[in-house]
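Residue-level structural notes
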There are 2 protein chains.
Amino acid sequence: MTIDLDSQMHWARWGDPARSHPVSDSMRELIEMFLGELTERPAVPQADVRLPEVGLSDEHLAALAGLVGEDHVHTDAEWRIARTRGKSTPDLLRMREGDGADAPDAVVRPASHEEVAAVVSWCADNQVALVPFGGGTSVVGGLAARRDGFDGVVALDLRLMNRLLEVDERSGMATLEAGLLGPEAEELLAEHGLMIGHYPQSFRYASIGGFAATRSSGQSSAGYGRFDSMVMRLRMATPQGDLVAGSSPANAAGPDLRELVMGSEGAFGVITEVTLKVKPIPQVKVYEGWRWESFAAGADAMRRLAQGKVLPTVLRLSDEAETSVNLARPDAVGGESTGGCLMVTGYEGTPAQVERARAAATELLEELGGENLGEEVGQSWAEGRFDGPYLRDALLDVGVLVETFETVAFWSRLDEVYAAVKSAVEGALAGQGTPPLVLCHISHVYETGASLYFTVAAKELEDGLGQWRQAKAAASQAMVDHGASITHHHAVGQDHKEWFAQEIGPVGVEVLRAVKQALDPAGVLNPGVLVP
Amino acid sequence: MTIDLDSQMHWARWGDPARSHPVSDSMRELIEMFLGELTERPAVPQADVRLPEVGLSDEHLAALAGLVGEDHVHTDAEWRIARTRGKSTPDLLRMREGDGADAPDAVVRPASHEEVAAVVSWCADNQVALVPFGGGTSVVGGLAARRDGFDGVVALDLRLMNRLLEVDERSGMATLEAGLLGPEAEELLAEHGLMIGHYPQSFRYASIGGFAATRSSGQSSAGYGRFDSMVMRLRMATPQGDLVAGSSPANAAGPDLRELVMGSEGAFGVITEVTLKVKPIPQVKVYEGWRWESFAAGADAMRRLAQGKVLPTVLRLSDEAETSVNLARPDAVGGESTGGCLMVTGYEGTPAQVERARAAATELLEELGGENLGEEVGQSWAEGRFDGPYLRDALLDVGVLVETFETVAFWSRLDEVYAAVKSAVEGALAGQGTPPLVLCHISHVYETGASLYFTVAAKELEDGLGQWRQAKAAASQAMVDHGASITHHHAVGQDHKEWFAQEIGPVGVEVLRAVKQALDPAGVLNPGVLVP
């Protein structure tokens, strides 16, 4: 078994830059057609990143080394930069300009639940802020430490927590440590013929603990469910002691505390172990494309699949704009489009399961007017499924501001939310003289509603951060005003807090504050994140 | 549409005594074979029930009348007795002996969310305890007010909250007021061709708000899910204001506050409105029986169905003892048994859905060695599905102590839990000189585990309450000691609190206390229930 502890993302870009390609001439042509002439806008070299002084005293650093070992406490620039913020476009813009102001004073790497618990206690006792750091893929400001009021900031790097602790084959469950990245977890489970089946776009770099802490949802959610629906038990270290949530598949023993741990984003404690439903590795995987006349027609077909309980494993639908630029197939961006709206369906399982599910879904999709485009288009989506974020770096390099955000609403309001959010973000950017390209897809469906995932591209102004802040605020307010959630699977972080508070209301905010106060009275856990 | 506001259960028995029958000669013979000679043990007449003085002052009663109208505040004995406690065997034993000590001072019947909110605020301001009362079917001491420290106790009867507020056909959802009983809700939805599909044994008398507050699970949970899985949104009146939880099917906007409202058993607030997933009324319903050589073999078949995702709508399995007395078919108790272990499968939906599901399940069940017993046995279960509790009254009348309790565990520990709980309750009763009959079935299955529902019958001692307390404590401790939950669908109430605290641990308890303190600082909401 190979676990690469050095697998980590580039300090100012997504993932492994070796997988990234500069914008091709044809793509550049396409973009310039929409946004006007582009100009290069390179990032500063890493050596130019400005870091705050290490604020932790030598005594503090020695104490931390006493808890996790000297080799696992890092204060050099490279480690600190690598554990600064997440990978939202604002995060990238700041880093590309050399702004390392949110860097932790030290990166601390515990290797067990007990070491995590010791560091958590120590931070609470010493008024040192602690930011749990899994894969570092947050796109909502979930990893930017608020420094004021603290004697220092520690990034708690969980990557040494990389064990498969238990496989319970009879119950179809496995217990994994929080620091395992998606591919590492799948590799460990594959030795038992099992898998999780959770494939968000961040899959290659995001961690098991992070999936739980942020309520992640993957591209196969139609078949395998959201990550939170797979979680049977969690162990969380808090300043008040351990919380183990989840005794059984489901029960009536009071509020479900798992659902309070999930989505807590490091503000209530540090998730160290997660027990998940696991499944046999599918013998067959088939993906295919479908063409719909309109986004509305395709969305309605998705609703019918969900409500008729004939969901494929993967189900996604691009709107007209996203289809026209082939965003669902990163390798084909700028190439010829299928026209209309592209739907991708995927079926995974035993041959019998795939045949049964595919037949039922195909019958309904054909009845509703979908045109089957065959497997080639579907396969092309599957091959590029984790590569979208690389495109963003390439575009930032040529002065195109690109960002994504997402929401979820009940079916009866989905059209309204789509129109309102699109119009809000278009208005906010056009108002700044940079009319954007706005693309959208649905990639998570439920019986009662679906997600909307937007990609926005505009020419970057001098103050790209301020430019985006306005656009994002307009989109966020439109979501909440039209009865949608501020986030389907990106979480709250710092960036969504204002609208999250509107969404859950003042009594909801009071509940979260009470839980935070009970578990983290010193307020050292991921300060500024989640709790309004 | 007919809603019968007077539909309420007999003060000392389950449901409508007209549906009840005395123990037949053949059943008596069967029971005496196991438990020895029986002797009649009748309940006192209602007039002999001893009630505490009404503790609320005239000013208090006038204030309450000002909030909900004079006609909706009741202090007469009949109303107070009818809203005293729930329907556990200990509750019935107390009432049968004339012990009305837990009666509320007044029964208050609000007719809207606003009236509920006003009464909740008033109780908090006046240090008056408030017990939300829906259908009154609690079997865990969820409705017994703790009087000490309060100026009085109000039973908040929610039965006037009986409206279907909204149907969202596109999203497949409906919003119902909390006081609607199961059949009333189904009747209102049937006008739209819709249904909920939640059929616990308490269906005829339990309320929508109660289903949510206690995380109920119904006999069709394999197909339609637990009640909590159907809930999309809830509105709850708390002393701090309204909490509306649920913006969307699912999201990543922090902890899921719906899951904190559900299972809160009136201790955090009063649930007034519930938005549920609803489905088209099934065109076809088929139930059939299967015979298995052993409980273990049948349970394993259930596991395979759940993990293979070929679950029927209804799936239950009686152990050898329960099969031998035909408990799954109340009309057949004492008659000839099928032998082995009886499984009931049910399929509901369109003809195509039923055919598909039935074919897939049948193939697997036959492969695993099940013997198909045909539809007659299944139909017999379906007809008697809500009648089990009447049998208990008839048995209490002849001095047989009967009670049920339930648990849930992961598959890998289910056999162990079954053996341990059975042995604990047998030991505790045999040790008192009353060796019991212990029957068990599985009626809720998940990919990762299943429920166990026990029925226990023993000759009642003079102190039946004390006798049962010992048995229940032994069974409860066995559940927690063997990694099972203290309750799958009966909830915590007062009766399970001790083991609930063990199950969620001290940090879990702190979280619940913090939420309670934040929402109900005066502690007037259902005092003594849920929160350890």
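Residues take numbers from 1 onward in each chain, read along the sequence in its written order. Chains and ligands are labelled by the order in which they are written, letters from A for the one and numbers from 1 for the other. Per-residue local features are limited, in this predicted model, to residues with pLDDT of at least 70; the limit for side-chain atom pairs, both in listing and counting, is 80 or more; totals at the level of whole chains, interfaces and linings are taken over all residues. As a convention, hydrogens and water are excluded, and side-chain values are obtained from all of the structure's heavy atoms.

Things to note about the overall build of chain A
The helix and strand labels rest on DSSP assignments: H or I over at least four residues marks a helix, E over at least two residues marks a strand, and numbering proceeds from the N terminus. Of the regular secondary structure elements, chain A holds 18 helices and 18 strands. Exposed residues in this analysis have more than 50% of their type's maximum accessible area, buried residues have under 20%, and partly exposed residues fall in between, with area computed by a 1.4 Å probe over protein chains only. Expressed as a percentage of the 532 residues in chain A, the buried residues total 63%. For chain A, the exposed area adds up to about 17,900 Å²; of that, 49% sits on carbon and sulfur atoms. Computed with the Shrake-Rupley method and a 1.4 Å probe, the accessible areas treat only the protein chains shown as cover for residues.

Here we look at the packing of helix α2 (residues 58–68) of chain A against helix α5 (residues 113–126) of chain A
All names here are of chain A. Whenever a helix is involved, its axis is fitted only over the stretch in contact; in every case the axis is a line through C-alpha atoms, and angles between N-to-C directions fall within 0 to 180 degrees. Between α2 and α5, the least distance of the axes is 9 Å, while the angle of their chain directions is 160 degrees. As the angle between them shows, α2 and α5 are arranged roughly antiparallel. For the element pair α2 and α5, the recorded crossing hand is right-handed. Together, His60, Ala63, Leu64, Leu67 and Val68 of α2 and Glu115, Ala118, Val119, Trp122 and Asn126 of α5 make up the contact between the two elements. For the contact of α2 with α5, the residue count by class is seven nonpolar, two polar and one charged. Here the word oblique covers every angle except those under 35 degrees (roughly parallel), over 145 (roughly antiparallel) and from 65 to 115 (roughly perpendicular). Here a crossing is called left-handed whenever its near helix is offset anticlockwise from the far helix by less than a right angle, and right-handed whenever the offset is clockwise. Whether two residues are in contact is decided by their heavy atoms, any of which lying within 4.5 Å being enough. Here the nonpolar group is Ala, Val, Leu, Ile, Met, Phe, Trp, Tyr, Cys and Pro; Asp, Glu, Lys and Arg are the charged ones; every other residue, Gly included, is treated as polar.

Examining the sheet that holds strand β5 (residues 164–168) of chain A
Sheet architecture is open: five strands sit in the order β5-β6-β10-β8-β9 (chain A), paired in antiparallel fashion. Among the strands making up the open sheet, the edge pair consists of β5 and β9 (241–245) of chain A. Across the sheet, the axes of successive neighbouring strands diverge by a mean angle of 10 degrees, strand direction being ignored. Contacts from helix α18 (residues 497–519) of chain B reach β8 (231–238) and β9 of chain A, with the element oriented near 130 degrees to β9 of chain A. When DSSP finds at least two bridges between two strands, those strands are taken to pair.

A word on the relation of the copies chain A and chain B
Both copies of the chain are related through a single rotation about an axis accompanied by a shift along the same axis. Here the copies were fitted onto each other by least squares, based on C-alpha atoms from residues at pLDDT of at least 70 in both. Superposing chain A onto chain B requires a rotation of 180 degrees together with a translation of 0.0 Å along the rotation axis, leaving an RMSD of 0.0 Å. The superposition of one copy onto the other is thereby described by a two-fold rotation axis. It is alanine 514 of chain A whose C-alpha, among those of chain A, lies nearest the rotation axis, at 2.8 Å. When the interface residues of chain A are mapped onto chain B, 100% of them again fall at the interface, so both copies present the same face.

Describing the interface of chain A and chain B
Accessible area lost during the coming together of the parts is what is often quoted as the interface size. Each partner contributes to the interface: chain A provides 77 residues, whereas chain B provides 77 residues. Buried surface area refers to the total accessible area, computed with a probe of radius 1.4 Å, that the two partners give up upon joining, counted for both partners together. In total, about 5,500 Å² of surface goes out of reach between chain A and chain B, with carbon and sulfur atoms giving 64% of it. Basic side-chain nitrogens of Lys or Arg form a salt bridge, by our definition, when they fall within 4 Å of a carboxyl oxygen of Asp or Glu. For the pair chain A and chain B, the number of links is four salt bridges. The shortest N-O distance in the salt bridge between glutamate 447 of chain B and lysine 277 of chain A comes to 2.7 Å. In the analysis that follows, any N or O atom pair within 3.5 Å is treated as a polar contact, provided that within protein one partner can donate a hydrogen and the other can accept it, and provided that, for residues neighboring in sequence, both atoms belong to side chains. Inspection of the chain A/chain B interface yields 26 residue pairs in polar contact (both at pLDDT 80 or more). If one sorts the elements of the side of chain A that touches chain B by residue count, helix α18 (residues 497–519) of chain A sits on top with 12 residues. Among the residues making up the side of chain A that touches chain B, the classes are represented as 34 nonpolar, 25 polar and 18 charged.

A short note on the pairing of strand β12 (residues 284–292) of chain A
Residue and element names in this part refer to chain A. Summarising burial for β12: seven of the nine residues are buried, a large majority. As judged from the nine bridges shared by β12 and strand β14 (residues 341–349), these two strands associate in the antiparallel manner. Bridged to tyrosine 287 within β14 is glycine 346. Pairing between β12 and strand β15 (residues 371–374): three bridges, direction antiparallel. Among the inter-strand pairings, arginine 291 is bridged to a residue of β15, identified as glutamate 371.

Considerations on the packing of aromatic side chains
Residue and element names in this part refer to chain A. Centre distance within 6.5 Å is the pairing criterion for rings of Phe, Tyr and Trp, where only the six-membered ring of Trp is used; planes under 30 degrees apart are then read as stacked, over 60 as edge-to-face, and the remainder as tilted. Across all of its chains, the model carries 18 aromatic pairs over all chains by this definition. Ring geometry for phenylalanine 295 and tyrosine 418: centres 4.7 Å apart, planes at 50 degrees, overall tilted. In this pair, phenylalanine 295 is assigned in helix α11 (residues 295–307) and tyrosine 418 in helix α16 (residues 411–430), connecting sequence segments 123 residues apart. Per residue, the accessibility class of phenylalanine 295 equals that of tyrosine 418, and both read buried. Ring pairs connect the aromatic residues Phe295, Phe405, Tyr418, Phe454 and Trp468, which therefore count as one cluster.

Things to note about the packing of α16 of chain A against helix α17 (residues 464–481) of chain A
Angle between the axes and distance between the axes are the two parameters that describe a pair of packed helices. Residues and elements named next belong to chain A. α17 packs onto α16 with a crossing angle of 160 degrees between their chain directions and a minimal axis gap of 8 Å. Regarding the angle of α16 to α17, the classification is roughly antiparallel. By crossing handedness, the relation of α16 to α17 is classed as right-handed. Here α16 contributes Arg413, Ala420, Val421, Ala424, Val425, Ala428 and Leu429 to the contact with α17, which in turn contributes Gln467, Trp468, Gln470, Ala471, Ala474, Ala475, Ala478, Met479 and Asp481. Residue composition of the contact of α16 with α17, by class: 12 nonpolar, two polar and two charged.

A word on the UniProt feature "domain: FAD-binding PCMH-type" (unreviewed entry) in chain A
UniProt positions are given in the numbering used here, feature names are shortened, and annotations may be inferred rather than shown by experiment. UniProt marks residues 100–281 of chain A with the feature "domain: FAD-binding PCMH-type" (unreviewed entry), using the numbering shown here. When the span residues 100–281 of chain A is considered, its composition is 23% helix and 26% strand, and the gap between its end C-alpha atoms is 42 Å.

Describing helix α1 (residues 25–35) of chain B
Residues lying three or four places apart along an α-helix face the same way, a consequence of the helix completing one turn every 3.6 residues. Residues and elements named next belong to chain B. If you check which residues of α1 are buried, you get Met27, Leu30, Ile31 and Leu35. For α1, the angular spread of buried residues about the axis comes to 115 degrees, placing them on one side. For α1, the exposed residues set more than 90 degrees away from the buried face come down to Asp25, Glu29 and Met33. Buried residues along α1 sit against α15 (388–397), β16 (400–410), β17 (437–442) and β18 (449–459). With its phi angle positive at about 90 degrees, glycine 36 sits one or two positions after the end of α1. By arc we mean the arc of the directions from the helix axis to the C-beta atoms, nothing more.

What about the domain arrangement of chain A?
Residues and elements named next belong to chain A. Where a domain begins and ends is set by an automatic assignment or by a domain database. Here the domain parsing of chain A yields domain 1 (23–42 + 53–157), domain 2 (164–280), domain 3 (284–383) and domain 4 (388–490). The straight-line distance from the C-alpha centre of domain 2 to that of domain 3 is 28 Å. Counting residues at the interface gives six residues for domain 2 and eight residues for domain 3. Surface buried jointly by domain 2 and domain 3 totals about 550 Å² across both partners, of which 50% is contributed by carbon and sulfur atoms. For the domain 2 face of the interface with domain 3, the top three residues by lost area are Gln219, Ala222 and Tyr224, together amounting to 70%. Inspection of the domain 2/domain 3 interface yields two residue pairs in polar contact (both at pLDDT 80 or more). A breakdown of the residues in the side of domain 2 that touches domain 3 according to their chemical character gives two nonpolar, four polar and no charged.

Focus: the pattern of salt bridges
Residues and elements named next belong to chain A. Within this structure, the stated rule accounts for 62 salt bridges over all chains. Measuring nitrogen to oxygen at the nearest pair gives 2.8 Å for the salt bridge that ties arginine 163 to glutamate 177. One end of the pair, arginine 163, is in the loop between β4 (153–157) and β5; the other, glutamate 177, is in strand β6 (residues 173–177), with 14 residues separating them in the sequence. We classify arginine 163 as partly exposed; its relative accessible area is 43%. A residue is classified by how much of its surface remains accessible, and glutamate 177, at 1% relative accessible area, is buried. In this structure, arginine 358 and glutamate 288 form a salt bridge, with 2.9 Å as the shortest nitrogen-oxygen distance. Pair noted here: arginine 358 is in helix α13 (residues 351–367) and glutamate 288 is in strand β12, with a separation of 70 residues, a long-range link. Residue glutamate 288 is classed as buried on the basis of its relative accessible area, which comes to 3%. Each of Glu114, Arg235, Asp242 and Glu273 takes part in one network of salt bridges that share partners.

Some words on the environment of tyrosine 224 of chain A
Residue and element names in this part refer to chain A. Checked against the element boundaries, tyrosine 224 lands in helix α8 (residues 221–224). By relative accessible area, tyrosine 224 is classed as buried at 13%. Separated by 11 residues in sequence, tyrosine 224 and arginine 235 place their C-alpha atoms 23 Å apart. When sequence neighbours within four positions are dropped, the list of residues in contact with tyrosine 224 reads Met195, Gly197, Ser229, Met230, Lys279, Pro282, Thr313 and Glu348.

A closer look at the sheet that holds β15 of chain A
Residues and elements named next belong to chain A. With respect to topology, seven strands assemble into an open sheet ordered β15-β12-β14-β13-β17-β18-β16, the strand pairing being antiparallel. Edge positions in the sheet fall to β15 and β16 (400–410), since each of these pairs with one other strand and no more. Between one strand axis and the next, the sheet turns through 25 degrees on average, direction left out of account. Contacts between helix α14 (residues 375–383) and the sheet are confined to β12, β13 (314–318), β14 and β15, with β12 contributing the most and set at about 110 degrees to the helix. The strands touched by α17 are β16 and β18 (449–459); relative to β16, the strand with the most contacts, the crossing angle is about 10 degrees.

With respect to the environment of glutamate 29 of chain A
Residue and element names in this part refer to chain A. Relative to the assigned elements, glutamate 29 resides in helix α1 (residues 25–35). When its relative accessible area of 59% is taken as the criterion, glutamate 29 is described as exposed. Note: C-alpha distance between glutamate 29 and glycine 334 (305 residues apart in sequence) is 8.5 Å.

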